Amino acid sequence: MKNQPISVSKAKKAIADYKKAIGRPEGMAELSIFYCEEALGFLESCSIEDESYFAALIRMYGRSREFVSSLPPAERATYLERLDKLRSRGRNVGWGVEEELNSHWYAAALDEHQGE
């Protein structure tokens, strides 16, 4: 991975292309959460310190939360579990990432929706 370019825009483009082509809410939730899972995995393994990368991750988490919140309550549980796990993984990153993910989580009152 040394000297390999990191492209947030390519990953985000794939999600935007899906949205234009199909855009099903559950697909948008899946892709955006997968993006966050992979981005955090990359941060955990490579320990990069790039503020724009952190900001992109936080923005995508917020979008994921919006996509999940728009789903019917019966379809949210698995996605909410994954979003919740991402919050706790954020503590391993530093730079206030965990706090920002928590902020998105609590702003949407997702704890209240987990039991639905």
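Let's talk about the confidence of the model for the protein
Keep in mind that low pLDDT regions are not for reading the predicted coordinates in detail. Residues with a pLDDT of 70 or more make up 89% of the protein, whose mean pLDDT is 84. Model confidence for the protein, summarised as mean pLDDT per element, is weakest for helix 6 (residues 110-113) at 56 and strongest for helix 4 (residues 77-89) at 92.

Remarks on the packing of aromatic side chains
Throughout the structure, instances matching the rule amount to one aromatic pair. For the ring pair Phe42 and Tyr53, a centre distance of 5.7 Å and an interplane angle of 50 degrees mean the geometry is tilted. Within this pair, whereas Phe42 is found in helix 2 (residues 25-46), its partner Tyr53 is found in helix 3 (residues 51-69), the two being separated by 11 residues in sequence.

Some words on the pattern of salt bridges
Summed over the entire model, instances satisfying the criterion amount to eight salt bridges. Note that Arg65 and Glu66 form a salt bridge whose closest N and O atoms lie 3.8 Å from each other. Residue class for Arg65 comes out buried when judged on its relative accessible area of 17%. Within this structure, Glu30, Glu37 and Arg82 form a network of salt bridges that share partners.

Criteria and thresholds
Residues numbered from 1 in each chain as written. Predicted model: local features only at pLDDT ≥ 70, side-chain atom pairs only at ≥ 80, totals over all residues. Heavy atoms only, no water. pLDDT = per-residue confidence, 0-100. Helix = DSSP H or I, 4+ residues; strand = E, 2+ residues; numbered from the N terminus. Phe/Tyr/Trp six-rings, centres within 6.5 Å; stacked < 30°, edge-to-face > 60°. Salt bridge = Lys/Arg side-chain N within 4 Å of Asp/Glu carboxyl O. Buried < 20%, exposed > 50% of the residue type's maximum accessible area, 1.4 Å probe, protein only.

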